[in-house]
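# Survey of secondary and tertiary structure
Now for the letters of each chain:
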Amino acid sequence: MAFTLFDKPDKCFSEAESYFKLMKSSPQGSQERKNYARKAAGMYERAIAAGYAGRNDKLAYIYLSGEIGEVDGDRGYALSRRDAEDGIAVAMNNVAVCLERGLGCAKDRNLAAQWYIKAAEAGYSGCYWTAAQNLYEGRFGIRKDTLRAREFGRKAVEKGHKSQKEYDDYFNSVPESVSGAEAFSKGYEAWNTAKDYEEAVKWYRYASREGLPGAQCNLGLAYALGKGVEKEAFEA
């Protein structure tokens, strides 16, 4: 598909969008789908060559997903990076995936984790749970932040990506190998340093069951203040 000096970016883009929709409605793996993908990619590229300066996430998707019959990581990553730096959330996710897999760029798990978090912050719901895990566990050199991790975890539940049970199993379960004293220490750190009261209550509750009086006292304080739990309402 040759470029011409008379291409109009809006017209080329509109035609590309039509081919993209036909591609998405065609059966996975079919020749028909590949043909529409090639036509869409060609028209998107013509739009860019003619001066189109908008988002390119659909074109990047075609290249990165191999819809044309093969993966073009270099072009897909370049387009995604451009859009990501312009603040487009889905492109941030695609940059993270490329960095995680070394697709069109050097593999870098730390940078990938950072971009997953950026995508989540920008509102891409598909990244909420990954961002939550990276922050909660301090994966790949990311600084641990249990408070933000729980925020993203709750958003993942709200958007239907995870169930409340999955949230509770991940954030609120405690390994049996943890001692009461260790749990108390973790609770103290969460309460006083991270200011993550929900996390503190989890550890204090466990330490309390292990019989630590200090944990029972701090757990009672949490209920009295309504921090990390629903505030107790006493009536005469």
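Residues numbered from 1 in each chain as written. Predicted model: local features only at pLDDT ≥ 70, side-chain atom pairs only at ≥ 80, totals over all residues. Heavy atoms only, no water.

## Describing the overall build of the chain
- Of regular secondary structure, the chain possesses 12 helices and 0 strands.
- Mapped in sequence order, the helices and strands of the chain form the string α-α-α-α-α-α-α-α-α-α-α-α.
- By the compact-globule yardstick of 18 Å for 236 residues, the chain is too spread out, its C-alpha radius of gyration being 24 Å.
- Counting only C-alpha atoms and orienting by the principal axes, one finds that the chain spans roughly 80 × 40 × 30 Å. (Helix = DSSP H or I, 4+ residues; strand = E, 2+ residues; numbered from the N terminus. Rg over C-alpha atoms; globule rule 2.2 N^0.38 Å.)

## Here's the deal with the layout of surface pockets
- In this structure, the largest pocket occupies an estimated 470 Å³ of space.
- Lining the largest pocket are 16 residues, and of these Lys144, Thr146, Glu189, Ala194 and Glu199 lie nearest its centre.
- Of all the elements in the fold, those that place two or more residues in the lining of the largest pocket are α8 (146-158), α10 (180-194) and α11 (197-209).
- When residues of the lining of the largest pocket are assigned to their parent elements, the largest contribution, 5 residues, is made by α10.
- Across the lining of the largest pocket, the residue classes tally to 6 nonpolar, 3 polar and 7 charged.
- In this structure, the second largest pocket spans a volume of roughly 210 Å³. (1 Å grid on protein atoms, 1.4 Å probe; cavity = no way out; pocket = protein on both sides within 12 Å on 5 of 7 lines; lining within 4 Å. Points joined across faces, edges and corners; volume = space filled by probe spheres on them. Nonpolar A, V, L, I, M, F, W, Y, C, P; charged D, E, K, R; others polar.)

## Some words on the nonpolar core
- Leu99, Trp115, Phe152 and Phe171 are the most contacted members of the largest nonpolar core, which totals 33 residues.
- Going through the elements one at a time, α4 (73-85), α5 (89-101), α6 (109-121), α7 (128-137), α8 and α9 (164-171) are the ones with two or more residues in this core.
- Within the second largest apolar cluster, 19 residues are counted, among which are Cys12, Met23, Ala40 and Leu79. (Core = buried A, V, L, I, M, F, W, Y, C linked by side-chain atoms within 4.5 Å. Buried < 20%, exposed > 50% of the residue type's maximum accessible area, 1.4 Å probe, protein only.)

## Comments concerning the packing of aromatic side chains
- Tallying each qualifying case throughout the model produces 14 aromatic pairs.
- Summarising the aromatic geometry, the rings of Phe20 and Tyr44 are spaced 6.5 Å apart at their centres and angled 65° between planes, so their arrangement reads as edge-to-face. Here Phe20 is found in helix α1 (residues 9-25), whereas its partner Tyr44 is found in helix α2 (residues 31-49), with 24 residues between them in sequence. Just as Phe20 is buried, Tyr44 falls in that class too.
- Taking the centre distance of 5.8 Å and the plane angle of 85° together, the rings of Trp129 and Phe171 count as edge-to-face. Of this pair, Trp129 sits in helix α7 while Phe171 sits in helix α9, placing them 42 residues apart in sequence. Comparing Trp129 with Phe171, the two get one shared label, buried.
- By the ring-pair criterion, three or more aromatic residues cluster together here, those being Phe13, Phe20, Tyr44, Tyr52 and Tyr61.
- Taking the ring centre of Trp115 as reference, the NZ or CZ of Lys118 above it sits at 4.2 Å.
- Its guanidinium or amino end placed over the ring of Trp203, Lys186 lies 5.4 Å from that ring's centre, counting from NZ or CZ. (Phe/Tyr/Trp six-rings, centres within 6.5 Å; stacked < 30°, edge-to-face > 60°. Lys NZ or Arg CZ within 6 Å of the ring centre and 35° of its normal.)

## Things to note about the packing of helix α3 (residues 57-65) against α4
- Put simply, α3 and α4 touch, their axes get as near as 8 Å, and they point 155° apart. Considered as vectors, α3 and α4 are oriented roughly antiparallel to each other. Like other packed secondary-structure pairs, α3 and α4 cross with a definite hand, here left-handed. Contacts between α3 and α4 involve Asp57, Leu59, Ala60, Tyr63 and Leu64 from the first element and Gly73, Arg75, Gly76, Tyr77, Leu79, Ser80 and Asp83 from the second.
- In terms of residue class, the contact of α3 with α4 is made up of 6 nonpolar, 3 polar and 3 charged. (Axes fitted to C-alpha atoms, helices over the stretch in contact; angles between N-to-C directions. Parallel < 35°, antiparallel > 145°, perpendicular 65-115°, else oblique. Left-handed = near helix turned anticlockwise from the far one by under 90°. Contact = heavy atoms within 4.5 Å.)

## Topic: the pattern of salt bridges
- Inspection of the entire model under this criterion finds 15 salt bridges.
- Glu17 serves as the salt-bridge partner of Lys58, at 3.0 Å between the closest nitrogen and oxygen. Pair noted here: Lys58 is in helix α3 and Glu17 is in helix α1, with a separation of 41 residues, a long-range link.
- Under the relative-accessibility criterion, Lys58 is labelled partly exposed at 29%.
- The class for Glu17 is buried, based on a relative accessible area of 19%.
- When salt bridges with common partners are traced through the structure, they connect Arg150, Arg154, Asp196, Glu198, Glu199 and Lys202 into a single cluster. (Salt bridge = Lys/Arg side-chain N within 4 Å of Asp/Glu carboxyl O.)

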